[in-house]
Amino acid sequence: MIGLRAFQRSTPTIRAQFAGKQQLVQRRWASETTNFQGAADNAFNRERQAVKDHASGTSDLWRKMSIYIVIPCLCIAGVNAWRLWNEHWEHVAHGPSLEEKVEYPYQNIRTKNFFWGDGDKTAFWNPKVNYHKKDE
């Protein structure tokens, strides 16, 4: 921080040289002049036109970002999720079968049967993952 401040103080001539060029660059990016004449040329209409110009530039920026950044990122994320999904199921295939897994007392607690199906399966039951050993 101190080095930056010392550099800025020691170069007033460089700043003076760039000041004119900076104004040209800033003017180039400024909005176009409006063609209001007469009673329509007031502060409200000029501000409103400036807001419209800014909004058109900003919406164009977000449109380009959506097309060229977001869509490729979503595609890459989708391919990654698909790859991880396949790796997961390959890993699960090498594990023990559902019947061989230990069922702990806190799993599949039933105080009464569900009113659908055979009464043992929850609404989100997945036969590839869930298994319930009935009391013997």
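See the structure printed just above.
Remember, it's a predicted structure, so these values are computed and weren't measured experimentally.

Caption draft 1: Representation of helix H3 (residues 43-93). Between the first and last C-alpha of H3 there are 71 Å, a value that for 51 residues agrees with the 75 Å anticipated at 1.5 Å per step. The largest bend along H3 reaches roughly 35° and is located at Ser-66.

Caption draft 2: Spatial organisation of the pattern of salt bridges. Tallied over the entire structure, the rule returns 6 salt bridges. For Arg-63, the salt bridge goes to Asp-60, with nearest N and O atoms at 2.7 Å. Of this pair, Arg-63 and Asp-60 are both found in helix H3, 3 residues apart, which corresponds to roughly one turn of the helix. We classify Arg-63 as partly exposed; its relative accessible area is 44%. Residue Asp-60 is classed as partly exposed on the basis of its relative accessible area, which comes to 27%. The residue Asp-120 makes a salt bridge to Arg-110 at a minimum N-O spacing of 3.4 Å. Residue Asp-120 is found in the segment after H3, and its partner Arg-110 is found in the segment after H3; the two are separated by 10 residues along the sequence. The network of salt bridges with shared partners includes Asp-60, Arg-63 and Lys-64.

Caption draft 3: Spotlight on the packing of aromatic side chains. Enumeration over the complete set of coordinates arrives at 4 aromatic pairs. With a centroid separation of 5.7 Å and 65° between ring planes, the pair formed by Trp-85 and Trp-89 is classed as edge-to-face. Linking Trp-85 with Trp-89, this pair stays in helix H3, spanning 4 residues, or about one helical turn. Here Trp-85 falls in the exposed class, since its relative accessible area comes to 52%. We classify Trp-89 as partly exposed; its relative accessible area is 27%. Centre to centre, the rings of Phe-114 and Trp-116 are 5.0 Å apart; their planes meet at 15°, and the pair counts as stacked.

Caption draft 4: View of the side chain of Asp-120. A residue is classified by how much of its surface remains accessible, and Asp-120, at 7% relative accessible area, is buried. Ignoring any residue separated from it by four or fewer positions in sequence, one finds Asp-120 in contact with Arg-110, Phe-114, Trp-125, His-132 and Lys-134.

How each quantity is defined
Residues numbered from 1 in each chain as written. Predicted model: local features only at pLDDT ≥ 70, side-chain atom pairs only at ≥ 80, totals over all residues. Heavy atoms only, no water. Helix = DSSP H or I, 4+ residues; strand = E, 2+ residues; numbered from the N terminus. Expected span 1.5 Å × (residues − 1). Bend = angle between axes of the 7 residues up to and from the residue. Salt bridge = Lys/Arg side-chain N within 4 Å of Asp/Glu carboxyl O. Buried < 20%, exposed > 50% of the residue type's maximum accessible area, 1.4 Å probe, protein only. Phe/Tyr/Trp six-rings, centres within 6.5 Å; stacked < 30°, edge-to-face > 60°. Contact = heavy atoms within 4.5 Å.

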